[in-house]
Amino acid sequence: MKSAVETLNPTRVRLTVEVPFEELKDSLDAAYKKINQQVTVKGFRKGKIPARVIDQRFGRGAVLEEAVNDALPKFYTEAVNEAELNVLGQPDVDITELKDNETLNFTAEVDIRPAIEIPDYSGIEVEVDAVEIADEDVDKAVEELRERFASTAPVERAAEEGDVVTIDLEAKVDGEVLEDGVASGVSYTIGSGELLEGIDDAVKGLEAGGEATFTSELKGGSAAGKESEVTVKVTQVAKRELPELDDDFAQLASEFDTLDELKGDSRKRLESARQFDQATQAQERVLEKLLELVEVPVPEKLLEDEVRTRKHNLEHHQLGQMGLDLAKYLEIQGKTEEEFDAETREQAVKGIKTQFVLDELVNKEKLNVNQEELTEHLMRRAQSSGMSPDQFAQAVVEGGQVPMLVGEVARGKALAVVVEAATVKDTNGEVIDLDDEDDEAAAEGEQAPEATETAAEDKADKTEA
């Protein structure tokens, strides 16, 4: 077999392959054997039909077609390996010449990972938000904890903002009560926004036994998205009572003996959370600076697949769970379909570039992923997926996604290397040491910023495996 490579553009090549006919022998033998098992010819036992009879009865062309289909993947792979190409996706193959007992010639056009030159990134400088915790922030955190320990007490008066009401609901569409449109004994805090739009105005001013009717668009159920006439009846009004902010509350709500100790712990927790946010912000801004330094051509076909995958996931997974379609989502977001498409394409481009650059960094810095790092990452992914580690690990192995997880960890380590080399200052001009926070943020972000479990990654992993 002989092969040659023609560069069509920085992300696509054409392979020209010439195969001597004798190299098709194994595939021809396999083709005759396969056809033998599929057909019957009077006078011959199944599987024992001579090749010349198959040629006469079914045509030599059918045998050649079967043989070529069997052989092409092998010859294509040999050509790719010989040229040391880093291919993406499936090739477009065209058989240019097939002469029986002489030769097989074909071309294969395929996307490849572009050659990327990583420049010196040690001069990158970014600014992040300073970690500043005001007394008001601490008070707010303690107040939120206080809200969690609130109790309720029934009152004999009209419902007000913040009250907890017990209600019965009945929803009608086109005058008919929905099968799944009736609910009794629902507890609802007025002003929480957790139920239907319009319900707050409907129940305010009602006492126990009072009812009102309002119109609202249903968020879920059999009539999701439709206008419904909803009748709400209040069966109880209760006032929320907050515990006193004192040492007794600190002992009730925490392991601390005094309110001052509780507030001190709240401040530390807020500082820790802000430091983590700061590290994440540093990662994002360093990555943006890095991408500005590198010229990264994007394969058009890969980009189109990525855009299609992102739109599909949004429409059929995320929006579906919220009872929305794309049109309603765009209406809520205040975007046109053209603006949405442009935004999705921009995000897809960034995602693919991010993956290419970080993968190149992995190679340049010779970064490896050990078993402990992979296990830790798997545990985090399992937790975020709602599955047990064993279930998630089994799904990953069965789906052939282990290389994908390894890639996620490696890209997280590559980004951490760049962040470590960069100069990060806060808005007060102070240089930030992100050693501890950065390690944690990188661990959380190992799924490769903007480019995780997308068409770009799936295609790359599958074709490179």
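Rules used throughout
Residues numbered from 1 in each chain as written. Predicted model: local features only at pLDDT ≥ 70, side-chain atom pairs only at ≥ 80, totals over all residues. Heavy atoms only, no water. Helix = DSSP H or I, 4+ residues; strand = E, 2+ residues; numbered from the N terminus. Rg over C-alpha atoms; globule rule 2.2 N^0.38 Å. Contact = heavy atoms within 4.5 Å. Areas by Shrake-Rupley, 256 points an atom, 1.4 Å probe, with all protein chains shown as cover. Lys, Arg positive; Asp, Glu negative; His and termini not counted. Charge placed at Lys NZ, Arg CZ, Asp CG, Glu CD. UniProt positions renumbered as here; feature names shortened; annotations may be inferred. Pairing = 2+ DSSP bridges. Buried < 20%, exposed > 50% of the residue type's maximum accessible area, 1.4 Å probe, protein only. Phe/Tyr/Trp six-rings, centres within 6.5 Å; stacked < 30°, edge-to-face > 60°. Axes fitted to C-alpha atoms, helices over the stretch in contact; angles between N-to-C directions. Expected span 1.5 Å × (residues − 1). Salt bridge = Lys/Arg side-chain N within 4 Å of Asp/Glu carboxyl O. Parallel < 35°, antiparallel > 145°, perpendicular 65-115°, else oblique. Nonpolar A, V, L, I, M, F, W, Y, C, P; charged D, E, K, R; others polar. Core = buried A, V, L, I, M, F, W, Y, C linked by side-chain atoms within 4.5 Å. Patch = residues over 30% accessible without salt bridge, like charges linked within 9 Å, V, L, I, M, F, W, Y side chains within 5 Å. pLDDT = per-residue confidence, 0-100.

Thoughts on the overall build of the protein
Piece 1. Of regular secondary structure, the protein possesses 15 helices and eleven strands.
Piece 2. Over its C-alpha trace the protein gives a radius of gyration of 32 Å, far above what one expects of a compact globule, namely 23 Å for 465 residues.
Piece 3. On the principal axes, the C-alpha backbone points of the protein span a range of 100 × 65 × 45 Å.
Piece 4. Counting contacts in the protein only where the partners sit at least 6 residues apart, residues at least 24 apart contribute 70% of the total.
Piece 5. When the accessible surface of the protein is summed, it comes to about 26300 Å², and 44% of that surface belongs to carbon and sulfur atoms.
Piece 6. Across the protein, the centroid of the 52 positively charged side chains sits 10 Å from that of the 108 negatively charged ones.

Thoughts on the UniProt feature "domain: PPIase FKBP-type" (unreviewed entry) in the protein
Piece 1. Under the local residue numbering, the UniProt record ascribes the feature "domain: PPIase FKBP-type" (unreviewed entry) to residues 162–215.
Piece 2. Its end C-alpha atoms 22 Å apart, residues 162–215 is made of 9% helix and 54% strand.

Remarks on the pairing of strand β1 (residues 2–9)
Across a regular strand the side chains alternate sides, sitting on one face of the sheet and then on the other.
Piece 1. Of the pairings in the sheet, the one linking β1 to strand β2 (residues 12–20) comprises seven bridges and is antiparallel in character. Looking at the pairing, V5 lines up with L15 of β2.
Piece 2. Between the end of β1 and the start of β2, which pair antiparallel, lie two residues.

As for unusual backbone geometry
Piece 1. Despite not being glycine, N101 shows a phi value in the positive range, around 65 degrees.
Piece 2. As for its placement among the helices and strands, N101 is situated in the loop between β3 (87–99) and β4 (103–112).
Piece 3. For N101, a relative accessible area of 57% gives the class exposed.
Piece 4. The phi dihedral of K366 is positive, around 55 degrees, even though this residue is not glycine.
Piece 5. Counting through the fold element by element, K366 comes out in the loop between α10 (337–364) and α11 (371–385).

Comments concerning the environment of I190
Piece 1. Residue position: I190 is located in the loop between β8 (176–189) and α5 (199–203).
Piece 2. With 168 residues separating them along the chain, I190 and L358 place their C-alpha atoms 49 Å apart.
Piece 3. Look past the residues within four positions of I190 in its chain and what remains in contact with it is A159, E160, E161, G162, D163, V165, D200, V203 and K204.

Re the packing of aromatic side chains
Piece 1. As enumerated under the stated definition, the model contains two aromatic pairs in all.
Piece 2. On the numbers, 6.1 Å between centres and 90 degrees between planes, the contact of F149 with F249 is edge-to-face. One end of the pair, F149, is in the loop between α4 (135–148) and β6 (151–154); the other, F249, is in helix α6 (residues 247–253), and 100 residues separate them in sequence.
Piece 3. Judged by relative accessible area, F149 falls into the partly exposed class, the value being 30%.

Quick notes on the sheet that holds β3
Piece 1. Strand order in the open sheet formed by four strands is β1-β2-β4-β3, and the pairing between neighbours is antiparallel. The open sheet has two edge strands, β1 and β3, and neither has a second partner. Geometrically, the sheet is characterised by an average inter-axis angle of 20 degrees between neighbouring strands, direction not taken into account.
Piece 2. On top of the sheet, helix α3 (residues 60–83) reaches β1, β2, β3 and β4; it is set at about 125 degrees to β3, its chief contact.

Examining the environment of K33
Piece 1. Along the polypeptide, K33 turns up in helix α1 (residues 25–38).
Piece 2. Remark: the alpha-carbon pair of K33 and P50, spanning 17 residues in sequence, is separated by 9.9 Å.

Side note on α10
Piece 1. For α10, with 28 residues, the first-to-last C-alpha span of 40 Å sits near the 40 Å given by 1.5 Å per residue.
Piece 2. Looking one or two residues beyond α10, the residue adopting positive phi is K366, at roughly 55 degrees.

Concerning the pattern of salt bridges
Piece 1. This model, assessed by the stated rule, comprises 32 salt bridges.
Piece 2. D29 is paired through a salt bridge with K25; the nearest N and O atoms lie 2.9 Å apart. Of this pair, D29 and K25 are both found in helix α1, four residues apart, which corresponds to roughly one turn of the helix.
Piece 3. Linking D100 and R60 is a salt bridge whose minimum nitrogen-to-oxygen distance equals 2.8 Å. Remark: R60 occurs in helix α3 and D100 occurs in the loop between β3 and β4; sequence separation between them is 40 residues.
Piece 4. D100 gets classed as partly exposed once you look at its relative accessible area, which sits at 31%.

Here we look at the packing of α10 against helix α13 (residues 402–421)
Piece 1. Interaxial distance between α10 and α13 falls to 8 Å at its minimum, and their mutual angle equals 80 degrees. Relative to α13, the element α10 is oriented roughly perpendicular. Every residue of α13 that contacts α10 at Q355, L358, D359, L361 and V362 is listed here: A410, R411, A414, L415 and V418.
Piece 2. In terms of residue class, the contact of α10 with α13 is made up of seven nonpolar, one polar and two charged.

Regarding the nonpolar core
Piece 1. Core analysis: the largest hydrophobic core is formed by 36 residues, its most contacted members being I124, L290, V357 and L361.
Piece 2. Only β5 (125–128), α7 (259–293), α8 (300–321), α10 and α13 provide two or more residues apiece to this core.
Piece 3. Here V357 is in contact with I116, I118, L290, L291, V294 and V296, once residues within four sequence places are set aside.
Piece 4. One finds Y32, I35, V68 and A79 within the second-largest nonpolar core, a separate group that totals 32 residues.

Some thoughts on a negative patch on the surface
Piece 1. There is a patch of like negative charges on the surface, built from D247, D248, D257, D260 and E261.
Piece 2. For the negative patch, the secondary-structure elements that each account for two or more residues are α6 and α7.
Piece 3. With respect to the helices, strands and loops of the structure, D247 is situated in helix α6.
Piece 4. Exposure remark for D247: the relative accessible area of 38% places this residue in the partly exposed category.

Examining the confidence of the model for the protein
Reading predicted coordinates in detail is not appropriate for stretches of low pLDDT.
Piece 1. Considering every residue of the protein, the mean pLDDT works out to 88; 93% of them sit at 70 or more.
Piece 2. Confidence drops under a pLDDT of 50 for residues 443–465, and excluding neighbours within four residues, the segment shows 64 contacts in the predicted structure.

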